There are 2 protein chains.
Amino acid sequence: MLDEANRWAVFGRLMPGIAHNINNSLAVIFGHIQLYKFKHPGFKEMDIIQEQAHQIKNIIGYLSGKACGEASTQKSSINICKLLENELNLLTADPFYKHEVKKTIDLPKDTPCINGYYRDISFALLSIINFSLDSMMEADRKEFVLSVSSDDDYITINVSDTGKPLSGQQNEAPDLASVDYQSARIGKYIVNLAKTRDIIARYHGEMSLISNNPSGKKIQICFPKQHDQ
Amino acid sequence: MLDEANRWAVFGRLMPGIAHNINNSLAVIFGHIQLYKFKHPGFKEMDIIQEQAHQIKNIIGYLSGKACGEASTQKSSINICKLLENELNLLTADPFYKHEVKKTIDLPKDTPCINGYYRDISFALLSIINFSLDSMMEADRKEFVLSVSSDDDYITINVSDTGKPLSGQQNEAPDLASVDYQSARIGKYIVNLAKTRDIIARYHGEMSLISNNPSGKKIQICFPKQHDQ
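About the thresholds
Residues numbered from 1 in each chain as written. Chains lettered and ligands numbered in written order. Predicted model: local features only at pLDDT ≥ 70, side-chain atom pairs only at ≥ 80, totals over all residues. Heavy atoms only, no water. Helix = DSSP H or I, 4+ residues; strand = E, 2+ residues; numbered from the N terminus. Buried < 20%, exposed > 50% of the residue type's maximum accessible area, 1.4 Å probe, protein only. Areas by Shrake-Rupley, 256 points an atom, 1.4 Å probe, with all protein chains shown as cover. Lys, Arg positive; Asp, Glu negative; His and termini not counted. Charge placed at Lys NZ, Arg CZ, Asp CG, Glu CD. Core = buried A, V, L, I, M, F, W, Y, C linked by side-chain atoms within 4.5 Å. Contact = heavy atoms within 4.5 Å. Pairing = 2+ DSSP bridges. Axes fitted to C-alpha atoms, helices over the stretch in contact; angles between N-to-C directions. Parallel < 35°, antiparallel > 145°, perpendicular 65-115°, else oblique. Left-handed = near helix turned anticlockwise from the far one by under 90°. Nonpolar A, V, L, I, M, F, W, Y, C, P; charged D, E, K, R; others polar. Domains from an automatic or database assignment. Buried area = accessible area lost by both parts, 1.4 Å probe. Salt bridge = Lys/Arg side-chain N within 4 Å of Asp/Glu carboxyl O. Polar contact = N/O pair within 3.5 Å; in protein donor to acceptor, adjacent residues only side chain to side chain.

**Let's talk about the overall build of chain A**
Part 1 of the argument: The helix and strand tally for chain A stands at six helices and nine strands.
Part 2 of the argument: When the 229 residues of chain A are sorted by exposure, 51% land in the buried category.
Part 3 of the argument: About 10,900 Å² of surface is accessible on chain A, with carbon and sulfur atoms providing 49% of the total.
Part 4 of the argument: Side-chain charges of chain A comprise 25 positive and 27 negative groups, with the mean position of each set lying 6 Å from the other.

**A look at the nonpolar core**
Part 1 of the argument: Ranked by internal contacts, the top residues of the largest apolar core, which has 128 residues, are Ile80(A), Ile80(B) and Phe223(B).
Part 2 of the argument: Discounting residues that sit within four places of it in the chain, Phe223(B) has contacts with Ile80(B), Ile114(B), Ile121(B), Leu125(B), Asp153(B), Tyr154(B), Ile155(B), Ile157(B), Ile200(B), Tyr203(B) and Gly205(B).

**Comments concerning the sheet that holds strand β4 (residues 143-150) of chain B**
All names here are of chain B.
Part 1 of the argument: Reading across the sheet, the five strands line up as β2-β4-β5-β9-β8 and stay open at both edges, with mixed pairing between neighbours. Across the chains shown, the open sheet's two edge strands, defined by having one partner strand only, are β2 (102-106) and β8 (206-213). On average, each strand axis in the sheet is tilted by 10° relative to the strand beside it, whichever way the strands run.
Part 2 of the argument: Pairing of β4 with strand β5 (residues 154-161), which is carried by seven bridges, proceeds in the antiparallel orientation. By the bridge assignment for β5, Val 145 is matched with Ser 160.

**A word on the packing of helix α5 (residues 118-134) of chain A against helix α6 (residues 193-202) of chain A**
How two helices sit against one another is set out by the angle between their axes and by the gap between those axes.
Residue and element names in this part refer to chain A.
Part 1 of the argument: Contact geometry of α5 with α6 gives a least axis separation of 9 Å together with a crossing angle of 140°. If you check the angle between α5 and α6, you find them oblique. Between α5 and α6 the crossing geometry is left-handed. In this structure, α5 contributes Asp 120, Phe 123, Ala 124, Ser 127, Ile 128 and Phe 131 to the contact, and α6 contributes Leu 193, Lys 195, Thr 196, Ile 199, Ile 200 and Arg 202.
Part 2 of the argument: Considered class by class, the residues forming the contact of α5 with α6 number seven nonpolar, two polar and three charged.

**Comments concerning the pairing of strand β5 (residues 154-161) of chain A**
Residues and elements named next belong to chain A.
Part 1 of the argument: Taking burial as the measure, the eight residues of β5 include seven buried ones, the bulk of the element.
Part 2 of the argument: Adjacent in sequence and paired antiparallel, strand β4 (residues 143-150) and β5 are bridged by three residues.
Part 3 of the argument: Where β5 lies against strand β9 (residues 216-224), eight bridges are found, and the strand directions are antiparallel. Bridge assignment links Ile 157 to a residue of β9, and that residue is Ile 221.

**Overview of unusual backbone geometry**
Leave glycine aside and you will find that most residues have negative phi; peptide bonds, for their part, are mostly trans.
All names here are of chain A.
Part 1 of the argument: Positive phi outside glycine occurs at His 204, with the angle close to 60°.
Part 2 of the argument: Relative to the assigned elements, His 204 resides in the loop between α6 and β8 (206-213).
Part 3 of the argument: For His 204, a relative accessible area of 66% puts it in the exposed group.

**Concerning the side chain of Asn21(A)**
Part 1 of the argument: Summarising the element assignment, Asn21(A) is placed in helix α1 (residues 2-39).
Part 2 of the argument: Residue contacts for Asn21(A): discarding those within four places in its chain leaves Ile59(B), Thr92(B), Ala93(B) and Lys98(B).

**A few points about the domain arrangement of chain A**
A common measure of how large an interface is: the accessible area buried when the components associate.
Residues and elements named next belong to chain A.
Part 1 of the argument: Domain annotation for chain A reports domain 1 (2-71) and domain 2 (76-224).
Part 2 of the argument: Taken over C-alpha atoms, the centre of domain 1 sits 29 Å from the centre of domain 2.
Part 3 of the argument: Here domain 1 meets domain 2 over a buried area of about 740 Å², counting both sides, of which 54% is carbon and sulfur.
Part 4 of the argument: By the criterion of area lost to domain 2, the three top residues of domain 1 are Tyr 62, Lys 66 and Glu 70, representing 68% of everything that side buries.
Part 5 of the argument: Summed over the shared surface of domain 1 and domain 2, the number is one salt bridge.
Part 6 of the argument: Measuring nitrogen to oxygen at the nearest pair gives 3.1 Å for the salt bridge that ties Lys 66 to Glu 87.
Part 7 of the argument: In this assembly, domain 1 and domain 2 are joined by five residue pairs in polar contact (both at pLDDT 80 or more).
Part 8 of the argument: Here the element with the most residues in the side of domain 1 that touches domain 2 is helix α2 (residues 44-71); it accounts for eight residues.
Part 9 of the argument: Classifying every residue of the side of domain 1 that touches domain 2 by side-chain character gives four nonpolar, three polar and two charged.

**A closer look at the sheet that holds β4(A)**
Residues and elements named next belong to chain A.
Part 1 of the argument: Spatial ordering of the open sheet is given by β2-β4-β5-β9-β8, a layout of five strands whose pairing is mixed. The strands lining the two open edges of the sheet, one partner per strand, are β2 (102-106) and β8. Taken pair by pair, the neighbouring strands of this sheet meet at an average axis angle of 10°, ignoring direction.
Part 2 of the argument: On top of the sheet, helix α3 (residues 80-91) reaches β2, β4, β5 and β9; it is set at about 160° to β4, its chief contact.
Part 3 of the argument: Contacting β8 and β9, α6 runs over the sheet at an angle of about 135° to β8.

Here it is as structure tokens:
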């Protein structure tokens, strides 16, 4: 366990340096674009180069954010919406999510923070998001809704999809925590929702299957707000 | 363990897509540079932009190589020299390695491959390389030599440094496998050479302390060549 964590640790420590090296190159590129534009105004090609360089800068930012977060061995104040924004931006590297799924995302910036480990929260939420996305692979409609809201007591994350419903054991209601399967989309052994439930429980939160029918399903995760921490 | 491995798996699966997105942007940049050069020959600024874009492309290649390698759950044919080249290129993100250490690296391209897991070989060799680099942090001379050679029976990796020697228990020769300490350079719990020895032993290889004195030390790792695999 520690050794695996170490791989992230080493990578997470190197990633800022890697990002720094790439950002250095980007800075030189941006600098020369500015110089060029100043000397030769009116060339539209330069704007395109600049725009693409900005896109690279953004991706490197997400990558760096994830690597540092995952590698962190310290509890920190985590903004769930920022974490999700970062992870979803990286998820656009997945062609299915990027091109085939209609996405409706609502991540209010003023969501209160949770004190915890980035790796926990990212693992728990991404397990459910990937489970939800995977269930739409064969569906005709592929609509994914992710929203975060908060009230005085809870931070609530709703994940809805139009994918196939969860099936239960005979005569029993489906149990989210029993989900443990291989995802063709992202890789083997990814989705284990029992582990996800345990992580959420460690933060005194809950996950539940709010609706589950042939037209889709909705999973809700609630974290109690932490007062005075 | 599996969950930790999963994080790499998810990341490793996403990384080609991330690299693809960045390479797409780079392709647009390269394309417009070409167009620009064709239309307006003789502007040197464009060469600088192109050169920096190439540097970004290289870094993304190393990053992608590592992420895919670490995430792989399949045995594959590993060229130790290519693996080391990739890892050392990423290690240039570490300012100490990049700027303070004098490096002599000899990685012959024609080194035979080993059948195994990228994660094993990278963990084992990087543990030793990081241990060696760390031991030079306080040294006046910081000279690091890494060479790979092969003969009919063995692939041999030599790691030399001018750092502080390894100390043994009273009256005993120093034992490499007893090394287990926190590295200020890369992060906590990184260097555990007992684990490294175990991984090398799984490949029927050995690690040994060839020399150990105040002017520096040399560690050697031998892997038997695998015939007819």
